[in-house]
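Observations on chain architecture
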Amino acid sequence: MKSALARTLLATWICCALPFVSQASGRIEPADTGDPAPATAPDEGPGDVGKPAPADGPAGMVIVTDASLVAQFRRLASTHERLGLVTRLRTLQSIRDAYPAGRDDAERIRLFLKDARANWGIEFAFMGGDEPLIPMRRAYVDQLPPVTDPVILLPTDQYYACLDGDWNADGDDRWGELPNMVTGDPGDDADVVPELCVGRAPVTTRQQAQEFVDKTVRTLERSMSSDPLDVLLVAGAALGTTFFAPQAEAAKALIDSATAASIARLYRYAASWPGAEPLTEESLLAGLETGPELSILFGSGGPGTFALEANPPLIEVPAEDLLGLENRDSFGHAVALSAYTTQPGILSIGAALVQARRGGSASVLGPTDIEFVGVSNHYIELYLEKGFVEHAATVGEAMRAVLHEPDLVQPFSILRLTALGNTLLGDPALPFPAGTAPPAAAFAKVSASGPGAWLDAGVTTALTARRPAFSRPDAGRDRARASARLDRATGSLEIAFERPRSAGSLLDVSVIDLSGRRVRQLDRATARAGTGSVSWDLRDADGRRVRPGLYFVRVATGGDQQVVRAVVW
Ligand SMILES: [Ca+2]
Ligand SMILES: [Ca+2]
Ligand SMILES: [Ca+2]
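Residues numbered from 1 in each chain as written. Chains lettered and ligands numbered in written order. Predicted model: local features only at pLDDT ≥ 70, side-chain atom pairs only at ≥ 80, totals over all residues.

**Section: the nonpolar core**
By size, the foremost hydrophobic cluster in this structure holds 132 residues, and its most contacted members are Ala125, Leu196, Val234 and Tyr383. Ranked by residues supplied to this core, first place goes to helix α10 (residues 373-388) with eight residues. Once residues lying within four places of it in the same chain are set aside, the contact partners of Val234 are Leu266, Leu279, Leu284, Ile296, Leu297, Phe298 and Gly299. Counting 17 residues, the second largest nonpolar core, distinct from the first, contains Ala484, Leu507, Val519 and Val564. (Core = buried A, V, L, I, M, F, W, Y, C linked by C-beta atoms within 7 Å. Buried ≥ 20, exposed ≤ 12 C-beta atoms within 10 Å, placed from the backbone. Helix = DSSP H or I, 4+ residues; strand = E, 2+ residues; numbered from the N terminus. Contact = placed C-beta atoms within 7 Å.)

**A word on the sheet that holds strand β13 (residues 315-318)**
A sheet is described by the order of its strands in space; here three strands give the open sequence β11-β12-β13, paired in antiparallel fashion. If you trace the sheet from one side to the other, it starts and ends with β11 (301-302) and β13, each paired once. In this sheet, strand β12 (residues 305-309) lies alongside β11 in antiparallel orientation, the contact comprising two bridges. If you follow Gly301 over to β12, its bridge partner there is Phe306. (Pairing = 2+ DSSP bridges.)

**Observations regarding unusual backbone geometry**
For the bond running from Glu131 to Pro132, omega is 10°, close enough to zero to count as cis. For Tyr269, which is not glycine, the phi dihedral falls at a positive 50°. Structurally, Tyr269 can be placed in the loop between β8 (261-267) and β9 (277-278). Within the chain, Tyr340 stands out as a residue other than glycine whose phi angle is a positive 65°. Relative to the helices and strands, Tyr340 resides in the loop between β14 (333-336) and α9 (349-355). Exposure remark for Tyr340: the 30 C-beta atoms within 10 Å place this residue in the buried category.

**Some remarks on the pairing of strand β16 (residues 422-425)**
Across the two faces of β16 the burial is the same, with Asn422 and Leu424 and Thr423 and Leu425 all buried. In terms of strand pairing, strand β15 (residues 363-367) meets β16 through four bridges, oriented antiparallel. Residue Val364 lies in a different strand from β16, and its bridge partner there is Leu425.

Below is the structure:
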């Protein structure tokens with residue numbers, strides 16, 4: 001039996017030999033940010049019992065947790081609620097009661113999520129607990145290249161994100177199988193294109209849950225910074241060369257083109273890369289200790305380790321060493337290519353960063369098992385594009401958008417390892433750390449994708465009226481519509497909107513900043529069908545001109561919303 005690290009190394013090698021050709025990604029519309037109700041009208045909602053029903057009213061997120069952690073996660077739900085995202089909490093215990101026909105607990109949770117999507121309209125699902133409290137599905141991945149074990153039981157939370165189809169259609173004991181021409185196994189009908197944005201808290205005790213919720217709440221409440229985005233890029237070595245540095249350099253180029261960023265680079269064999277500093281355990285910990293808003297770790301790894309040097313003699317950083325980070329003021333997001341970053345049920349690298357009491361990261365995206373470097377690097381490229389170029393508002397939406405890229409959802413096992421294995425540890429509704437778009441880049445990017453953009457002296461406003469990216473069960477009903485234009489005479493943004501026929505629901509037109517905080521409420525009334533308009537003078541609730549940056553003007557009526565993006569400088 002090969003060691004886990006050896007498996008990673010071998011996979012690394014085969015991807016060198018067979019480089020994955022990345023394709024230019026098509027532009028897609030970002031997804032809705034959820035179905036927030038006005039922040040001033042807290043959701044009463046149903047209790048922790050029964051199945052979701054339309055009469056409960058809409059919700060944007062559900063938290064599924066264990067009865068032992070309810071008090072901690074209820075606090076997180078209240079914070080989201082206060083910031084405008086209606087969030088409901090269910091325990092696995094009540095889901096078991098409501099869905100006795102499920103074949104196991106994971107299927108019961110998925111049945112609940114399907115109902116919550118259909119009847120409440122949720123966009124986000126958050127698993128409030130690691131295994132063994134909240135199970136993760138194992139996908140049966142076979143037909144792998146001979147360098148790996150022939151079959152991998154891949155831990156995947158995408159089972160909870162992809163709600164179509166039957167993940168065990170042939171009724172055996174293997175979930176998410178592809179058809180196998182050799183054995184004649186018909187396979188299952190596993191949907192791998194997500195409807196939901198799913199994250200997971202890597203916690204099992206009340207103490208861990210309390211610390212996790214504290215960190216997440218601080219991150220959600222953090223106000224937007226106008227400073228350059230602090231980024232840490234890490235590139236380990238393999239096969240006796242820098243190996244991962246070109247991928248880190250590509251990430252640097254993308255971030256630099258999209259925002260004002262202060263980027264620290266730690267590379268093995270740094271001398272070959274001007275401006276990069278040598279990567280050692282000490283420099284890695286010191287780099288993380290500065291509290292980067294975004295850390296990207298390229299390198300090999302094993303369960304609970306990150307390898308700085310993956311060829312003998314191995315140099316590995318154990319997850320335990322990350323628990324002691326003390327970058328108290330950091331609420332960053334980390335992305336890792338390294339294998340086993342988010343393996344459930346152990347202290348993985350990702351779990352350690354999220355669990356670190358006085359530092360680390362608020363959220364980590366990475367794989368649960370072995371990785372093929374070329375494919376996973378493509379995943380990271382796409383993920384960064386979704387956030388920096390296409391302005392996905394949250395980490396969960398950026399991740400969901402990646403999995404709508406056709407070249408990642410092909411029915412091949414090495415692609416599925418990456419598409420299904422990448423897992424978000426942390427709250428999926430945390431803002432994507434995209435910094436502030438510089439004027440030139442923002443104008444070019446947004447005007448290329450949106451229906452209109454205007455440039456005026458000192459104020460540029462660009463917008464895209466967002467529509468739901470994915471089909472929903474209620475797609476046929478009327479939806480709110482919004483559009484905007486800049487009034488050149490007054491320098492104000494004029495927002496015109498059409499309210500759906502669901503008369504009687506509350507109308508809320510608000511300006512939201514990147515951190516999810518409401519900057520200004522422009523209109524609030526009991527909505528009746530028809531058209532309306534409101535103007536925004538680019539000032540906050542205290543009458544001050546807003547800082548330069550990206551803002552969202554949200555027109556919400558009941559469970560429906562449209563968002564207009566405005567870049568102000
Ligand atoms: Ca099966
Ligand atoms: Ca089968
Ligand atoms: Ca789907």
